[in-house]
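Structural overview
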Amino acid sequence: MNQYETEAMKEDFRRRGVEIVEETEPADVYIINTCTVTHIADRKSRQYIRRMKKLCPEARVAVTGCYAQVSPEELAAMPEVDLVIGNNLKTTLCDRLLELCASEDKQEAGGSEQKAEVEVLPLHEMTQYEEKGLVISSESSMCRAYVEICDGCNRFCSYCKIPYARGPVRSRDPEAVVREVEALVARGCKEIVLTGVNTAVYGSEPDFLMKRTPEEEGLTGLEALLGRLDALPGNFRIRLSSLEPTVVDVNDVSRIVRYKRLCHHLHLSVQSGNTKVLKDMNRRYTREEYLEIVRAIRAFDPLYGLTTDIIAGFPGETEEEFGDSVSMIGEAEFCRVHPFPFSPRRGTAAAEIGDTVDGSVKSARVKALIEEAERVQRAFFEKNFAVTHKVLIEEHREGFATGYTDNYIKVYIKDEDRRRAVNSFVNVRLIGHYHDGCLAEEAEKGR
């Protein structure tokens, strides 16, 4: 989502005739689009703000994103910051910065102690999706493009700050989504990634208006949207950035995976393999219910790519409970796992639990998750050996054409003469392990 929204902001500036420069170059304005999913993300944002101001002391510095939404005063107190803009006001950023740059009272380098301006909507006023316009800049990558379909989350997992940073669920007008996808495909984009805080809840608001055809009656909002995109002409595929098992069940997933353009890959965040820990996390499903979803996906396609997140060291997590997370990796046959240590976020329920797990124990558990994930990933890759896949070529590197299969395996095809064009589909057969993915050779027909 941050990548998509950053591109939307850049496109707004380009439309006004403003030049976007590399981050190492001096600039009139720096915009830091922040994350707050962990305390490390907050710290990195502050470090980046200071680094940019040091690079160009007279520049204006604007901060937006999730950290800006939940801790605006903390950021406004930084002497480097001129403007703090919350989520759902990002479309005002260009106007506000152009006003600041044109103002006569621009502070001198190292000068005024005047506090930054703060414009942040309270969560109860974040009731409508903020339409950002079509994000189809010619400077964006045309192999893959992100398309945001919704914002916000109502789930309130006990460790998560995102509902406080993004507000309640707000879905984008389906016609705007379809227009953006059509425009991207017309420009040659071959992979559309649908993104949102929680894509599974698209269209779930009671007052969301989506005029449905008779064929769409009884479908969830996400299913209806996927059906419309599935029917569009053009040579492209669709990837879902994530699907939350806190929202979908085995029946929902069994219907969703059948859309023909949808890549055989889902990011299905598990967070823990233990039912008690899942309850403490307020995840609203059990270990067995999660595995039922996995088994339904595997019944549809045994080589379906599943990626996930797992938290190590949630408050009170015992060694036995952690062991369930390790065993979950092999049982679900994840092709990629993002493990990370629990990070208490001020204002969330988990931060008040106490019974914290020692930092060294969390680090050891993350290491154990990584080791098991690497073992399972290699086994999953080997199941794909001799299978023919369709790959989208994204770049040439060190004598190889590289890209991803639809089930999210990175492949390397020997191509020293660069015969295979970037942004083209190629049928390949996977033949062995290589770096972070697999070696492949061209084949006649892909899955």
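Data block above holds the structure.
Rules and cut-offs
Residues numbered from 1 in each chain as written. Predicted model: local features only at pLDDT ≥ 70, side-chain atom pairs only at ≥ 80, totals over all residues. Heavy atoms only, no water. Phe/Tyr/Trp six-rings, centres within 6.5 Å; stacked < 30°, edge-to-face > 60°. Buried < 20%, exposed > 50% of the residue type's maximum accessible area, 1.4 Å probe, protein only. Pairing = 2+ DSSP bridges. Helix = DSSP H or I, 4+ residues; strand = E, 2+ residues; numbered from the N terminus. Axes fitted to C-alpha atoms, helices over the stretch in contact; angles between N-to-C directions. Contact = heavy atoms within 4.5 Å. Expected span 1.5 Å × (residues − 1). Core = buried A, V, L, I, M, F, W, Y, C linked by side-chain atoms within 4.5 Å.

**Observations concerning the packing of aromatic side chains**
Enumeration over the complete set of coordinates arrives at ten aromatic pairs. Taking 5.4 Å as the distance between ring centres and 75° as the angle between the ring planes, the aromatic pair formed by phenylalanine 156 and tyrosine 164 counts as edge-to-face. Each ring, one from tyrosine 285 and one from tyrosine 290, has its centre 6.1 Å from the other, and the planes form 35°; the classification is tilted. On the basis of relative accessibility, which here comes to 7%, the residue tyrosine 285 falls in the buried class. Cluster of aromatic residues (ring-pair linked, three or more members): Tyr285, Tyr290 and Phe334.

**Points about the sheet that holds strand S3 (residues 83–85)**
Ordered in space as S1-S2-S3-S4, the four strands form an open sheet in which the pairing is parallel. Taken across any chain shown, the strands that pair with only one partner, and hence form the sheet edges, are strand S1 (29–34) and strand S4 (117–119). Pairwise comparison of adjacent strand axes, ignoring direction, gives a mean angle of 15° for this sheet. Where S3 lies against S4, three bridges are found, and the strand directions are parallel. Paired with valine 84 across the bridge in S4 is valine 118. Helix-sheet contacts for helix H1 (residues 2–15) involve S1 and strand S2 (60–65), and the interaxial angle to S1 is about 155°.

**Regarding H1**
Relative to the 20 Å expected for 14 residues at 1.5 Å per residue, H1 spans 20 Å between its end C-alpha atoms, a close match to the ideal helical length. For H1, the full list of buried residues reads Tyr4, Glu5, Ala8, Met9, Glu11, Asp12 and Phe13. The first or second residue beyond H1 is glycine 17, which carries a positive phi of 85°.

**A closer look at the nonpolar core**
Ranked by size, the top nonpolar core spans 57 residues in total, and within it Val181, Leu194, Leu229, Leu243, Leu266, Ile297 and Phe334 carry the most contacts. Contact partners of leucine 266, with chain neighbours within four places excluded, come to Leu240, Leu243, Val253, Val257, Ile297, Tyr304, Gly305, Leu306 and Thr307. If you look at the next biggest cluster of nonpolar residues, it comprises 17 residues, including Ala27, Met52, Val63 and Tyr67.

**Description of the sheet that holds strand S5 (residues 144–148)**
The strand order across the open sheet formed by three strands is S5-S8-S9, and the pairing between neighbours is parallel. Each edge of the open sheet carries a strand with a single partner, namely S5 and strand S9 (237–240). Each adjacent strand pair in this sheet contributes to an overall mean axis angle of 30°, direction not counted. Looking at chain direction, S5 and strand S8 (residues 191–195) are connected through five bridges and run parallel. Each residue of the ladder has a partner; that of arginine 144, found in S8, is glutamate 191. On top of the sheet, helix H7 (residues 174–186) reaches S5 and S8; it is set at about 170° to S5, its chief contact. Helix H8 (residues 221–230) rests against S8 and S9 of the sheet, and its axis sits at about 160° to S9.

Function cannot be read off these values alone, since they describe shape.
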